[in-house]
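Structural overview for review
So you can see what is in the structure, the chains are spelled out below.
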Amino acid sequence: MPIQHFAPPPHVKAPPLSFATRVGDLLFVSGIPGFDANGALPDGFEAQFANVVVNIRRVLDEAGATFGDLVKVNVLLTRAGDVAAMNALYAGAFGPPPYPARTTCVVQALPDPKMLIEIEAVASLSP
């Protein structure tokens, strides 16, 4: 079965990875941080979360998917104090219910010390 790769946007200096890969009817979205359209990382959690949503939407659009096609989401936060804000923002961005299955972890750090959030996901697509 062929694997389709989706490259990072040209403005984002990404490590050696695909932003997403599709195999069969599954799309695996790499961990997406909160970089803005210029490749900059804003300071605030809400701004980073909003950028993550925009970046995931772009990858899903490119693959012909929507947030409704998401089956599993993993959220990585660097501050436990952001969990409540993330839940509120997540409900608006990934809703309405039913929501995809989700795991939320608070981690010690992400690759860039300014990163406050990263989200990865799996979507089910029509063959």
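Along each chain, numbering runs from 1 in the same order as the chain's sequence is written. Per-residue local features of the predicted model are confined to residues with pLDDT of at least 70, and side-chain atom pairs are confined, for both listing and counting, to 80 or more; whole-chain, interface and lining totals are unaffected and use all residues. Values reported for side chains reflect all heavy atoms of the structure, with hydrogen atoms and water molecules removed beforehand.

Let us look at the packing of aromatic side chains. Any two of the Phe, Tyr and Trp rings considered here, Trp counted by its six-membered ring, make a pair once their centres fall within 6.5 Å; the pair's planes then place it as stacked at under 30 degrees, edge-to-face at over 60, or tilted in between. Scanning the model with the defined rule gives four aromatic pairs in all. Centroid distance Phe-45 to Phe-49: 6.4 Å. Interplanar angle 35°. Geometry classified as tilted. Of this pair, Phe-45 and Phe-49 both sit in helix 1 (residues 45-63), four residues apart, which is roughly one turn of the helix. Under the relative-accessibility criterion, Phe-45 is labelled buried at 3%. Phe-49 gets classed as buried once you look at its relative accessible area, which sits at 3%. A ring pair is formed by Phe-67 and Phe-94, whose centres lie 4.9 Å apart and whose planes are at 90°; its orientation type is edge-to-face. Taken together, the positions of Phe-67 in the loop between helix 1 and strand 4 (70-77) and Phe-94 in helix 2 (residues 83-94) put the pair 27 residues apart, joining distant regions of the chain. There is no split in this pair, since Phe-67 and Phe-94 are both buried. Here a helix means four or more residues in a row that DSSP labels H or I, a strand means two or more in a row labelled E, and each is numbered from the N terminus. When a residue's accessible area, from a 1.4 Å probe over protein chains only, is under 20% of the maximum for its type it is buried; when over 50% it is exposed; and in between it is partly exposed.

Glancing now at helix 2. If you check helix 2, its first and last C-alpha atoms are 15 Å apart, about what twelve residues at 1.5 Å a residue would give, namely 16 Å. Among all positions of helix 2, only Met-86, Tyr-90, Ala-93 and Phe-94 are buried. Along the long axis of helix 2, the arc covered by the buried residues comes to 70°, so they all point the same way. The exposed residues of helix 2 that point more than 90 degrees off its buried face are Ala-84, Ala-88 and Gly-92. For this analysis, residues touch if any pair of their heavy atoms sits within 4.5 Å. Those residues of helix 2 hidden inside the fold are in contact with helix 1, strand 4, strand 5 (101-106) and strand 6 (117-124). In this scheme, a helix's expected span is set at 1.5 Å multiplied by one less than its residue total. Arc definition: directions from the helix axis to the C-beta atoms.

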